[in-house]
Amino acid sequence: MQQDWINALWGGSLIGISVSLMLLLNGRVTGISGIISGMLSHKKGDTSWRLSFVAGLLGGGLAFRILNPPNPHNGWSTEIWPLIVGGLLVGFGTLLGSGCTSGHGVCGISRLSPRSMIATLVFILTGVFAVFIFKKLGVLN
C-alpha cells in the first residue's frame, strides 16, 4: 500500500512539472484534447510541436508496455470493442465539456480558471454518483 501512494506522488509530481514547463517554456497549455484538435486543424507552423507531443505520449506508452508486459491474469478484458466504445464516449464528453479531465483538472485549475474548476467538480461528482449507482445495482463490489 505504501508503494502505491509513493508511485502516485511521483506520477503526479512529474505531471505537474511537465505541465508547468510546457506553460513556462512554450506558453502552451497541456490539454490533450486541445493539442490534438489543434493538430487536426492544420494551422501553418503550429503542427510540428503537436505531432512531437503526441508521438511522445504514444512512444512513452509503447515503452511502458514493452518494459512492463501485461499480466494475463489481471482481470482486464482483451477485447477491442469496449476500448472503442469507451474512446468514443470520452471523445464525446470532451466535446461536451470543452476539454478533457486532464486539461481542466491539471492545467485549468493551476491557472485558476473558473470554468475548469466547475468542470472538474462536475467530473468528480459525476464519478461519485456513478460509483454509488453501480454499487447499488451490484455492478461494483
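Refer to the structure printed above.
Below, the structure is looked at part by part.

About the cut-offs
- Residues numbered from 1 in each chain as written.
- Predicted model: local features only at pLDDT ≥ 70, side-chain atom pairs only at ≥ 80, totals over all residues.
- Heavy atoms only, no water.
- 1 Å grid on protein atoms, 1.4 Å probe; cavity = no way out; pocket = protein on both sides within 12 Å on 5 of 7 lines; lining within 4 Å.
- Points joined across faces, edges and corners; volume = space filled by probe spheres on them.
- Helix = DSSP H or I, 4+ residues; strand = E, 2+ residues; numbered from the N terminus.
- Nonpolar A, V, L, I, M, F, W, Y, C, P; charged D, E, K, R; others polar.
- Salt bridge = Lys/Arg side-chain N within 4 Å of Asp/Glu carboxyl O.
- Buried < 20%, exposed > 50% of the residue type's maximum accessible area, 1.4 Å probe, protein only.
- Arc of directions from axis to C-beta.
- Contact = heavy atoms within 4.5 Å.
- Axes fitted to C-alpha atoms, helices over the stretch in contact; angles between N-to-C directions.
- Parallel < 35°, antiparallel > 145°, perpendicular 65-115°, else oblique.
- Left-handed = near helix turned anticlockwise from the far one by under 90°.

All right, on to the layout of surface pockets then. Looking at the largest pocket, its volume works out to about 460 Å³. If you list the elements that add at least two residues to the lining of the largest pocket, you get helix H2 (32–40), helix H4 (81–96), helix H5 (101–110) and helix H6 (114–137). At five residues, the largest contribution of residues to the lining of the largest pocket is made by H2. Residue composition of the lining of the largest pocket, grouped by class: seven nonpolar, twelve polar and two charged.

A word on the pattern of salt bridges. Oppositely charged side chains can pair when the atoms bearing their charge come close. A complete count under the given rule lists two salt bridges for this structure. Between aspartate 46 and arginine 28 there is a salt bridge, with its nearest N and O atoms 3.2 Å apart. Of this pair, aspartate 46 sits in the loop between H2 and helix H3 (48–67) while arginine 28 sits in the loop between helix H1 (2–26) and H2; the two residues are 18 residues apart in sequence, bridging distant segments of the chain. The class for arginine 28 is partly exposed, based on a relative accessible area of 31%. Aspartate 46 serves as the salt-bridge partner of arginine 50, at 2.8 Å between the closest nitrogen and oxygen. One network of salt bridges, with partners in common, ties together Arg28, Asp46 and Arg50.

All of the buried residues along H5 are Gly103, His104, Cys107 and Gly108. Summarising the axial view, the buried residues of H5 lie within an arc of 120°, below the 170-degree limit, and thus occupy one face. Exposed residues on H5 whose side chains face more than 90 degrees from its buried face are Thr101 and Ser110. Those residues of H5 hidden inside the fold are in contact with H1 and H6. Count one or two residues on from H5 and you reach leucine 112, which has phi positive near 60°.

Right, let's talk about the packing of H5 against H6 for a bit. Packing of H5 against H6 brings their axes to within 9 Å, and their N-to-C directions diverge by 135°. Taken as axis vectors, H5 and H6 run oblique relative to one another. Crossing geometry of H5 relative to H6 is assigned as left-handed. For the pair formed by H5 and H6, the contact residues are Thr101, His104, Gly105, Gly108 and Ile109 on the first element and Arg115, Ser116, Met117, Ala119, Thr120 and Phe123 on the second.

Geometry only, nothing functional implied.
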